[in-house]
Amino acid sequence: MLESILKLILQILITLLIAPFFTGVIRKMKARVQHRVGASVIQPYYDLIKLFKKDLVVSETASWIYNLAPYVYFISSVAAISCLPIVHGLTGFSFYTDLLIIVYLFVAGRIFMALAGLDTGSTFGGMGSSRELLVSALVEPALFIVIITVSARAEVASTNVPAIYEFLAGNTETAFTPMNILLSASMLMILIAESSRIPVDDPSTHLELTMVHEAMVLEYSGRHLAFIEMGSYIKQLVFMTFMANILIPVGFNVGNTFLEFGIYLVKVLVITILVGVVELNTVKFRLYSIPNFAVIALVISILGFLTGFILK
Amino acid sequence: MSANYLTTSFIICLLLYIAGSLSSLATYFKPKISNFLSNIFSLAAGSLLSISMIHKLFTADTHVISFNIDNNIPFINLNFKIDNLAAFFLLLIGIVTSIVSIYSFSYMKRFFTIKNVGVFGVFYNLFILSMVMLAASNNILLFLVFWELMSLLSYFLVIYEHERDEVQKAGKTYIIMTYTGTAFITAAFLLIVYFTGSFEFSAVTSSLIPKTYSNLIYIFLLLGFGTKAGIIPMHIWLPYAYTEAPSNVAAIMSAVMKKMSIYGLLRIVFFILHENAMWWGVLTLIIGTVSAVFGIAYSVASTTNIKRLLSYSSIENMGIIFCGIGIMLIARASGNSFLLSLSLTAVLLHTLNHALFKSLLFMGAGAVHYGTGTRNMEKLGGLIKKMPLTAVFIFIGCLAVSAVPPFNGFASEYIIFQSIINSIISFVPSGQFPMVILFVIVAAFLAITGALVVFTYVQLFGISFLGMPRSTEAQNAIEPEKPMLAALAAGALLCIVPGVGLKQIIKLIDNVSVDLIDIKLLSTDWSLSKFLHYPVENGSLSVSFSSLSIMLLVFIAVVSLLAAVFRKRTLVQKYNTWDCGYTKLNPRMQYSAIGFSKSVRIIFRGLFKPNRDLVITEGAGPYFIKKASYTLSTEKVIEKYLYKPFILALINFSRKARYKIQTGSIHAYLMYFFCVLILMLLYYSFLAS
């Protein structure tokens, strides 16, 4: 029990510490390609610290939902990452660590953020909420298919993360099966959509035509914004960890936890660079092209399922 | 408590309902007293019913309450019996109606001066009574009689405000559809009685029914009960009836009356048709999935009326329950007892949960109507400041229906998804790949349904409760009176209980399952499956919902501590919402409900065929717009392409037939009589020989 609690705390502290770094990496990549020097990769940390110190401006129209939303969003993300140990050695509690629970925790965060967008009475907020909900609704089927595929293997037969990890620790070679490759491709698209990156959303814009996530949180400032940013970084890390540990379990069972952690970091960094490459080589889609993007993700995930279960 | 005691309390319940209706009628000229009496009796009866049923279910009292009323009417055996299945549904009726009765104490006030409240009280009590008797009926004939009574009495309640044209239209559609449904149920029952020769539920055995006919019976049942449940495409009455009925009636209809069709289906599937073909389940699963997706798509994008939005969402939830029934039938046909138990639990749990959160939301919609006088979301906004308590309770309802952990909606959605994953696992080794693919597709559709539910309820809550008031009605909104708030509070509390204490609820449901399939979900024999029993040693759910809630509470505590630390160091300034540097924002600049759901309408345009009409009156030039009006209409695709051709053909045929057959000449009519007589004589002479 005590060991599990310590592992949980360690897991949360480590993820809180590393989550902003990967966004910094993407920003740096982008800057270099655009022939700018760009901010340091640890700029997101400075931003967060600054935001925590700043005073807040809260809209007069806003209600308690607006004040509560950043915390709920942050808690839902943290609770989600605590379900998904970054290395096998940090597997502790199993009573709530369920892939479906991760999805529904994100639902909780999403509801509060979308309501907060509507709460201030700003046009941007409503627009952002509507778009954000649409994007997540569209990629939800693909996400569920990926989850079902990884948990319906006869040897696993559970959506419980420790059960899946246990299977993966003995079967790290599954990373190179066609099923996992297809699922990873689908997951990459889901990751892009859920973490508001190009081509689904542009995180660096403040233009009303293109904003999705940014429009929703436009009114936030100070520590509220810091919690939201932190929540987003962690949410992104949840999807990356899912991909790195469950879909690409390379080096998952080396024996040495520190080495495993190193391998995990490298994998997440590679995924980050992939996201960055996609971001650099595409332009933002029109809102109504996002269904095509989501359907492609869905089809790839279904293909992954079929190759794993039927075309064996 | 002995079984005898339970029988007594059940009979007291029935008497209380009768007393409620009679006393309400007797005092109809004093609306206040009449309303009070009607509701106090139904409240007393409902609470007594729920307490005795909870006691029966929790103590796993295997004794069935049964009694006969002696009578001299031939063929009619007044035989009542309450087994655990009936008790479960009686529990639903008891809980929901007692909450709604508390609510009605003040909700009915708006009718005091304009309507006859006494008559309402009569129908209200008798309606609940008919449902109670329906659940307790132990033979087909009684079931049918009370089913009819229930439909008829609910019709009178739906058309309570019959002065309004929309109400009349809603009532007409409802009564026509409900009788069509009853016709199918009657046909199914006649077939059952024809083959088995018995009216009793328990005495009937399926082996007597030939396979072809049992298939036919199931299709009839699906159509008949599906109509009452509002399954697409038999749903067309539902959005109108629920919208136009008074909110307390809509709450009972949506939360309980609809569930009686699930009760009927389960009763017949488990007590009469003991075997089923695989395709029954597949058909039910597909119908359920279609209802879920279409229902929620209509809910989010085709209306700005809160109650209509909730009615479409009811269709979606019934779709999910039918999916569960489909999986259950598939499991039974393939002999997978774990899956059978899991999906039956999912069906019963979602039935319970939907009853709890949908009654809360309908009552909430009524409270909004009570406080503002409108049900149109485009006229609301900012209610969270005027009606703070109502807002909290409705918010809890929205979270529950959106399946946010640890509320109750999450629990049932979780188990539904688990049963889908389990079906896939069980069909892969045997190589039944079409089934596997079917389940994957269903999972994808249910996933998008879940996400659109979130969209719907963010729209409902966000547009009507948040932001700035969009009309003077919303500006002058008032918090409803205490009884209404109390009812909402009770509803909200009940949305939390089954999520947090899921294990207790599953124990309760297990006592029902034992009656039906002789298996308990929470038994120790499932060590083969890690699904709900990981880690197996603990013998507990893979997900312990109560521990999950504690976990979330710990997270919340830690984060609020953190926030408190930062709060001390910073200032909070109140200021306008950012208005792009122009004049202050006004309520009309906010996002509207129509705008909010536009993206869904565009993506699913095949379902809605949206049609917009923008009329611009120009002033001095094209850039000086004097006036602009925007109308949006969505087509009811199913009505137009499925029902309309059929109705037109029927009308056409009747018109032609009138000239051919009904000529108005008495000679022709006499000839018809004669022909029929001859035919019957011939038929009987052949039958005799």
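Data block above holds the structure.
What comes next is a walk through the structure.

Analysis parameters
Counting of residues starts from 1 at the beginning of each chain's written sequence and follows it residue by residue. Think of it this way: whatever chain is written first is A, whatever ligand is written first is 1, and the rest follow in order. Selection of residues for local features in this predicted model requires a pLDDT of at least 70, selection of side-chain atom pairs for listing and counting requires 80 or more, and totals for whole chains, interfaces and linings are taken over all residues. Under the scheme used here, helices are H or I runs from DSSP no shorter than 4 residues and strands are E runs no shorter than 2 residues, and both carry numbers assigned from the N terminus. We take the radius of gyration over the C-alpha atoms and set the globule estimate at 2.2 Å times the residue count to the 0.38 power. Backbone-placed C-beta atoms define the burial measure: a residue is buried with 20 or more other C-beta atoms within 10 Å of its own, exposed with 12 or fewer, and partly exposed in between. Once C-beta atoms are placed from the backbone, any two residues with those atoms within 7 Å are in contact. Note that Gly is not counted as nonpolar here; it falls among the polar residues with everything else outside the nonpolar set of Ala, Val, Leu, Ile, Met, Phe, Trp, Tyr, Cys and Pro and the charged set of Asp, Glu, Lys and Arg. Any two strands with at least two DSSP bridges between them are considered paired. A helix is expected to reach a length of 1.5 Å times the quantity of its residues less one. Axes here refer to lines fitted to C-alpha atoms; in helices the fit is confined to the stretch in contact. Angles between the N-to-C directions go from 0 to 180 degrees. When describing relative orientation, an angle under 35 degrees is termed roughly parallel and one over 145 degrees roughly antiparallel, while 65 to 115 degrees is termed roughly perpendicular and anything else oblique.

Here we look at the overall build of chain A
Here comes step 1: Helix and strand counts for chain A stand at 11 helices and one strand.
Here comes step 2: For chain A, the α and β elements follow one another from N to C terminus as α-α-β-α-α-α-α-α-α-α-α-α.
Here comes step 3: Scaling as 2.2 N^0.38, a compact globule of 312 residues should have a C-alpha radius of gyration of about 20 Å, and chain A matches this with 19 Å.
Here comes step 4: In terms of its C-alpha atoms, chain A occupies a principal-axis envelope of roughly 55 × 45 × 40 Å.
Here comes step 5: For chain A, with 312 residues in total, the buried portion stands at 61%.
Here comes step 6: Contacts in chain A between residues at least 24 apart in sequence constitute 79% of all its contacts with a sequence separation of at least 6.

Quick notes on the interface of chain B and chain A
Here comes step 1: Each side of the interface is counted separately: chain B has 70 residues, and chain A has 70 residues.
Here comes step 2: For the side of chain B that touches chain A, the secondary structure elements donating two or more residues are helix 13 (383–386), helix 15 (408–427), helix 16 (433–465), helix 20 (545–569), strand 3 (572–575) and helix 22 (598–603) of chain B.
Here comes step 3: Looking at side-chain class alone, the side of chain B that touches chain A contains 52 nonpolar, 15 polar and three charged residues.
Here comes step 4: When strand 1 (residues 56–59) of chain A meets strand 3 of chain B, the two strands line up parallel, connected through four bridges. Paired with A:V57 across the bridge in strand 3 of chain B is B:Q573.

With respect to helix 4 (residues 99–119) of chain A
Note that an α-helix has 3.6 residues per turn; residues three or four places apart therefore point the same way.
Residue and element names in this part refer to chain A.
Here comes step 1: Across its 21 residues, helix 4 extends 31 Å between first and last C-alpha, which sits within 8% of the 30 Å expected from 1.5 Å per residue.
Here comes step 2: In terms of burial, helix 4 is largely enclosed, as 21 of its 21 residues are buried.
Here comes step 3: Just past helix 4, the residue G121 takes up positive phi, approximately 80°.

Focus on the environment of A:N292
Here comes step 1: In this structure, A:N292 sits in helix 11 (residues 290–309).
Here comes step 2: Along the primary structure A:N292 and A:L138 are separated by 154 residues, whereas in three dimensions their C-alpha atoms are 9.4 Å apart.

Details of the packing of helix 5 (residues 140–158) of chain B against helix 6 (residues 165–196) of chain B
All names here are of chain B.
Here comes step 1: Remark: helix 5 packs on helix 6, axes separated minimally by 10 Å, with the N-to-C direction vectors making an angle of 180°. Regarding the angle of helix 5 to helix 6, the classification is roughly antiparallel. Residues I140, L144, W147, E148, S151, Y155 and V158 of helix 5 touch helix 6, and the partners they reach there are A170, G171, Y174, I175, T178, T182, I185, T186, F189, I192 and V193.
Here comes step 2: Among the residues making up the contact of helix 5 with helix 6, the classes are represented as 12 nonpolar, five polar and one charged.

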